[in-house]
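# Overview (structure and organization)
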2 protein chains.
Amino acid sequence: MDQISNISQLFAAQKYKLTPQREAIVNILLDNEKDHLSVEEVYMLVKNSYPHLGLATVYRTLELLCELHIVEKMNFGDGVARYDLRGNDHSHMHHHLICSVCGRLEEIKDDWLVELEKRVEREYGFNVTDHRLDFKGTYDTCKRTGCKKEKANKAVS
Amino acid sequence: MDQISNISQLFAAQKYKLTPQREAIVNILLDNEKDHLSVEEVYMLVKNSYPHLGLATVYRTLELLCELHIVEKMNFGDGVARYDLRGNDHSHMHHHLICSVCGRLEEIKDDWLVELEKRVEREYGFNVTDHRLDFKGTYDTCKRTGCKKEKANKAVS
DNA sequence: GTGACTGCAAATGGTTTGCACAAAA
DNA sequence: TTTTGTGCAAACCATTTGCAGTCAC
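To keep things clear, this report deals only with the structure shown in the data block. (Residues numbered from 1 in each chain as written. Chains lettered and ligands numbered in written order. Predicted model: local features only at pLDDT ≥ 70, side-chain atom pairs only at ≥ 80, totals over all residues. Heavy atoms only, no water.)

Overlaying chain A with chain B gives an RMSD of 0.1 Å, the required rotation being 180° about an axis along which the chain moves by 0.0 Å. These values place the two chain copies in the arrangement generated by a two-fold rotation axis. For chain A, the residue whose C-alpha comes nearest the rotation axis is leucine 133 of chain A, separated from it by 2.3 Å. A symmetric contact is evident, with 100% of the interface residues of chain A recurring at the interface of chain B. (Least-squares fit on C-alpha atoms with pLDDT ≥ 70 in both. Contact = heavy atoms within 4.5 Å.)

What follows is the structure, encoded as structure tokens:
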């Protein structure tokens, strides 16, 4: 099954409607799966295919997608919320590399924390349902070439 | 050397002054090392010992402490920035457990990621300077007793 | 006196909300 | 026709900034 009909089912299951606006927004997210778009960025992109769309609808739709565990709301410290599509099983199984030279944000599509989560359960009596792992640093290639920083880094973590 | 004179030296090294306001703020942070205070919380607490203090000064001081790597600015998704004292070596060596039942935020004062950082370097050519690891879930004790959720959880990660 | 620092109030900017209208069930 | 969703504008609220006054060297 393709992703959009999969998502359509999730909407239906909770008695939500997949309106044209919502579908347009979901499509933008699917088309930019690699990125971590902000609300404003989604808004700009959707405007191309749906010029009449209101900003509030983007906010409300992304919140809804969050509730349905289709996307994940994250904050990388640049002052705006960013949204990340979850996998097909709606799990959270990736980590981030954030380069402080070029500003790139790469995903590691793998779960390296299985063992550590067992350790948390064992040593702290804490049952993990979700996690977040970001690495901040620099790519070796960036360090060598000294490529320019793309955007201001408010350095929040 | 105690912490406050240590911090005092860091200020002096960068030609910053440790004013009474700044010292009062730092003391609040030291007194509440376990917590992750928001600006508003720091403001309220400092008001007890320094009633005349302005909110903007708290913002400016915390930003300064961030720049000196004395504290770390973090965002746990509740809409406000929170600040965490770094260790004496000003490294970032701890992880977080966030309970979605009781809202507690516990620190794991240990660095479990040494091996993974080597792996990132090896497999991605990425040199890690800092990281962030949060686990979200529930304490076994919370699950059993069903203790009440302390605060609204905007579920941002 | 010059430069760093503070307090206050105003401005900023991302996000939320109230409400009237539109579409769907 | 009752419910759900949308667009617009206003409200909200954490944070930042401009500025005049204060303090330290």
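A few words on the sheet that holds strand β2 (residues 71-75) of chain B. All names here are of chain B. Taken together, the 3 strands give an open sheet; going across it, the order is β1-β3-β2, and neighbouring strands pair in antiparallel fashion. Where the open sheet ends on each side, the last strands, each with one partner, are β1 (37-38) and β2. Bridge count for β1 against strand β3 (residues 81-85) is 2 bridges, and the pairing is antiparallel. Residue pairing across strands places leucine 37 opposite tyrosine 83, the latter belonging to β3. (Pairing = 2+ DSSP bridges. Helix = DSSP H or I, 4+ residues; strand = E, 2+ residues; numbered from the N terminus.)

Residue and element names in this part refer to chain A. Two elements in contact, helix α2 (residues 20-31) and helix α4 (residues 55-67), have axes separated by 10 Å at closest approach and are oriented at 70°. As the angle between them shows, α2 and α4 are arranged roughly perpendicular. For the pair α2 and α4, the sense of crossing is right-handed. Where α2 abuts α4, its residues Gln21, Arg22, Ile25, Val26 and Leu29 lie against Thr57, Val58, Thr61, Leu62, Leu64 and Leu65. (Axes fitted to C-alpha atoms, helices over the stretch in contact; angles between N-to-C directions. Parallel < 35°, antiparallel > 145°, perpendicular 65-115°, else oblique. Left-handed = near helix turned anticlockwise from the far one by under 90°.)

Note on pairing: side chains with opposite charge can pair once their charged atoms come close. According to the stated counting rule, one finds 16 salt bridges over all chains in the structure shown. Taking the shortest distance from any N to any O, the salt bridge between aspartate 110 of chain B and arginine 119 of chain A comes out at 3.8 Å. Here aspartate 110 of chain B is found in the loop between β5 (105-108) and α5 (114-124), whereas its partner arginine 119 of chain A is found in helix α5 (residues 114-124) on a different chain. The class for aspartate 110 of chain B is partly exposed, based on a relative accessible area of 34%. Looking at arginine 119 of chain A, the relative accessible area reads 26%, which means it is partly exposed. Members of the salt-bridge network, linked through shared partners, are Glu41, Asp78 and Arg82 of chain A. (Salt bridge = Lys/Arg side-chain N within 4 Å of Asp/Glu carboxyl O. Buried < 20%, exposed > 50% of the residue type's maximum accessible area, 1.4 Å probe, protein only.)

Attention now goes to empty space enclosed by the protein. A water-sized probe rolled over the atoms picks out the places where empty space is left. Residue and element names in this part refer to chain A. Following the criterion strictly, the structure yields 6 cavities of 30 Å³ or more and no others. Put simply, the largest cavity is a space of about 90 Å³. Lining of the largest cavity is provided by 11 residues; of these, Gln3, Ile7, Ile70, Arg86 and Asn88 occupy positions nearest its centre. Here the lining of the largest cavity gets 4 residues from one element, more than from any other, and that element is helix α1 (residues 3-13). Class assignment of the residues belonging to the lining of the largest cavity gives a composition of 5 nonpolar, 5 polar and 1 charged. (1 Å grid on protein atoms, 1.4 Å probe; cavity = no way out; pocket = protein on both sides within 12 Å on 5 of 7 lines; lining within 4 Å. Points joined across faces, edges and corners; volume = space filled by probe spheres on them. Nonpolar A, V, L, I, M, F, W, Y, C, P; charged D, E, K, R; others polar.)

It is worth spelling out the protein's contact with DNA strand C at this point. Tyr59 of chain A together with Thr19, Gln21, Thr57 and Arg60 of chain B are the nearest of the 18 residues found near DNA strand C. Here DNA strand C approaches the protein such that, of its atoms within 4 Å, sugar and phosphate make up 74%. In the model, a phosphate oxygen of DNA strand C is placed 2.8 Å from a nitrogen or oxygen of the tyrosine 59 of chain A side chain. The contact in question runs from a sugar or linking oxygen of DNA strand C to an N or O atom on the side chain of glutamine 21 of chain B, over 2.9 Å. Put simply, the parts of the chain that give the surface near DNA strand C at least two residues each are α4 of chain A together with α2 (20-31) and α4 (55-67) of chain B. Residue classes in the surface near DNA strand C are distributed as 8 nonpolar, 6 polar and 4 charged. (Near = heavy atom within 4 Å. Polar contact = N/O pair within 3.5 Å; in protein donor to acceptor, adjacent residues only side chain to side chain.)

Before going further, it helps to examine α4 of chain A. Residues and elements named next belong to chain A. With 13 residues, α4 should reach 18 Å at 1.5 Å per residue; the first-to-last C-alpha distance of 19 Å fits that figure. Considering only its buried residues, α4 is in contact with α1, α2, α3 (39-49), β2 (71-75) and β3 (81-85). With its phi angle positive at about 60°, histidine 69 sits one or two positions after the end of α4. (Expected span 1.5 Å × (residues − 1).)

Attention now moves to the packing of α2 of chain B against helix α3 (residues 39-49) of chain B. Helix packing geometry: the angle between the two helix axes and the distance between the axes. Residue and element names in this part refer to chain B. Remark: α2 packs on α3, axes separated minimally by 9 Å, with the N-to-C direction vectors making an angle of 115°. Judged by the twist between their axes, the crossing of α2 over α3 is right-handed. Between α2, through Ala24, Ile25, Ile28 and Leu29, and α3, the contact on the second element is made entirely by Val42, Leu45, Val46 and Ser49. Among the residues making up the contact of α2 with α3, the classes are represented as 7 nonpolar, 1 polar and no charged.

The next subject is the interface of chain A and chain B. Taken together, the contacts link 38 residues of chain A with 38 residues of chain B. Together chain A and chain B conceal approximately 3400 Å² of surface at their shared face, both sides included; 60% is due to carbon and sulfur atoms. When the buried area of chain A at its contact with chain B is split by residue, Trp112, Phe126 and Arg132 of chain A rank highest and sum to 20% of it. Counting every contact that joins chain A to chain B gives 2 salt bridges. Taken together, the links from chain A to chain B amount to 10 residue pairs in polar contact (both at pLDDT 80 or more). Top contributing element to the side of chain A that touches chain B by residue count: strand β6 (residues 126-139) of chain A, with 14 residues. Residues that form the side of chain A that touches chain B fall into these classes: 16 nonpolar, 8 polar and 14 charged. The pairing of β6 of chain A with strand β6 (residues 126-139) of chain B spans 13 bridges and is classified as antiparallel. (Buried area = accessible area lost by both parts, 1.4 Å probe.)

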